[in-house]
Amino acid sequence: MLKESIICIIIVIAIIFGNNTTQNYTKESVSQLSSGLMTLRGKLEQDEVKNEKVRDEIEAIYKQWEERHDKLAYFIEHDELEKVETELIAIKSYIETQDYEESISELDKSVFILKHIEDKYAFNLQNVF
């Protein structure tokens, strides 16, 4: 009986540690991507948009997403990740065609989806029950 209790306690501790690690990585990823997107939004709202700088910035954000995507795929539903990637590609295409109003709209959607992912996978009572 004691041996089984110890094994159960070790498993619960491992689950809590793993959940904490994945939550921290998710929060960090969402925070970095959201702040990059909001910076980009500020540049897109300016009267005179410098297309090369904006194009370089969305490329940097997309590259950052690609680096984090593989690790996030271990513990987040692939559908959620595909939504973010779809929005980022839409932002890139609108920036390339210099349709900045639509890119701002897609940018807002991608930030919302990122925040939704963070909230959905947070460890709280609402998500447990």
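What you are looking at is a predicted structure, and each value in this text was computed from that prediction instead of being measured.

Enquirer: What is the right way to look at the packing of helix H1 (residues 2-44) against helix H4 (residues 100-120) in this model?
Expert: Between two packed helices, the angle of one axis relative to the other and the distance separating the axes together describe the packing. Relative to each other, H1 and H4 sit at 165°, their axes nearing to 10 Å. Comparing the axis directions of H1 and H4 gives the class roughly antiparallel. In the crossing of H1 with H4, the sense of the turn from one axis to the other is left-handed. Residues Thr 26, Lys 27, Val 30, Leu 33, Ser 34, Leu 37, Met 38, Leu 40, Arg 41 and Leu 44 of H1 pack against Tyr 100, Ser 103, Ile 104, Leu 107, Asp 108, Ser 110, Val 111, Leu 114, Lys 115, Ile 117 and Glu 118 of H4. Class assignment of the residues belonging to the contact of H1 with H4 gives a composition of twelve nonpolar, four polar and five charged.

Enquirer: Hey, could you run me through the nonpolar core in this one?
Expert: The biggest cluster of nonpolar side chains holds 26 residues, and the ones touching the most others in it are Leu 37, Leu 40, Leu 44, Trp 65, Leu 88 and Ile 91. Here this core takes seven residues from H4, the largest share from any one element. In this view, Trp 65 contacts Leu 33, Leu 72, Leu 81, Val 84, Glu 85, Leu 88 and Leu 114; residues no more than four positions away in its chain are not counted.

Enquirer: Help me understand a nonpolar patch on the surface, please; the structure alone is not making it clear to me.
Expert: On the surface, Leu 2, Ile 6 and Ile 10 cluster together to form a nonpolar patch covering roughly 310 Å² of accessible area. If you trace the backbone, Leu 2 turns up in helix H1. In this structure Leu 2 comes out as exposed when scored by relative accessible area, which is 64%.

Enquirer: Is there a simple way to explain helix H3 (residues 78-96) in this structure?
Expert: Every α-helix carries 3.6 residues per turn, so stepping three or four residues along brings you back to the same face. Between its first and last C-alpha atoms H3 spans 27 Å; for 19 residues at 1.5 Å apiece the expected length is 27 Å, and the two agree. Turning to H3, its buried residues number three or more, namely Glu 80, Leu 81, Val 84, Glu 87, Leu 88, Ala 90, Ile 91, Lys 92 and Ile 95. Packing partners of the buried residues in H3 comprise H1, helix H2 (51-72) and H4. Where H3 terminates, the next one or two residues include Gln 98, which has phi positive at roughly 60°.

Enquirer: Looking at this structure, how should I read the pattern of salt bridges?
Expert: Pairing between side chains becomes possible if they bear opposite charge and their charged atoms approach one another. A complete count under the given rule lists ten salt bridges for this structure. In this structure, Lys 43 and Glu 57 form a salt bridge, with 2.6 Å as the shortest nitrogen-oxygen distance. Of the two residues, Lys 43 is situated in helix H1 and Glu 57 in helix H2; the sequence distance between them amounts to 14 residues. Exposure remark for Lys 43: the relative accessible area of 31% places this residue in the partly exposed category. Judged by its relative accessible area of 15%, Glu 57 is buried. Between Glu 52 and Arg 55 there is a salt bridge, with the nearest N and O atoms lying 3.9 Å from each other.

Calculation criteria
- Residues numbered from 1 in each chain as written.
- Predicted model: local features only at pLDDT ≥ 70, side-chain atom pairs only at ≥ 80, totals over all residues.
- Heavy atoms only, no water.
- Axes fitted to C-alpha atoms, helices over the stretch in contact; angles between N-to-C directions.
- Helix = DSSP H or I, 4+ residues; strand = E, 2+ residues; numbered from the N terminus.
- Parallel < 35°, antiparallel > 145°, perpendicular 65-115°, else oblique.
- Left-handed = near helix turned anticlockwise from the far one by under 90°.
- Contact = heavy atoms within 4.5 Å.
- Nonpolar A, V, L, I, M, F, W, Y, C, P; charged D, E, K, R; others polar.
- Core = buried A, V, L, I, M, F, W, Y, C linked by side-chain atoms within 4.5 Å.
- Buried < 20%, exposed > 50% of the residue type's maximum accessible area, 1.4 Å probe, protein only.
- Patch = residues over 30% accessible without salt bridge, like charges linked within 9 Å, V, L, I, M, F, W, Y side chains within 5 Å.
- Areas by Shrake-Rupley, 256 points an atom, 1.4 Å probe, with all protein chains shown as cover.
- Salt bridge = Lys/Arg side-chain N within 4 Å of Asp/Glu carboxyl O.
- Expected span 1.5 Å × (residues − 1).

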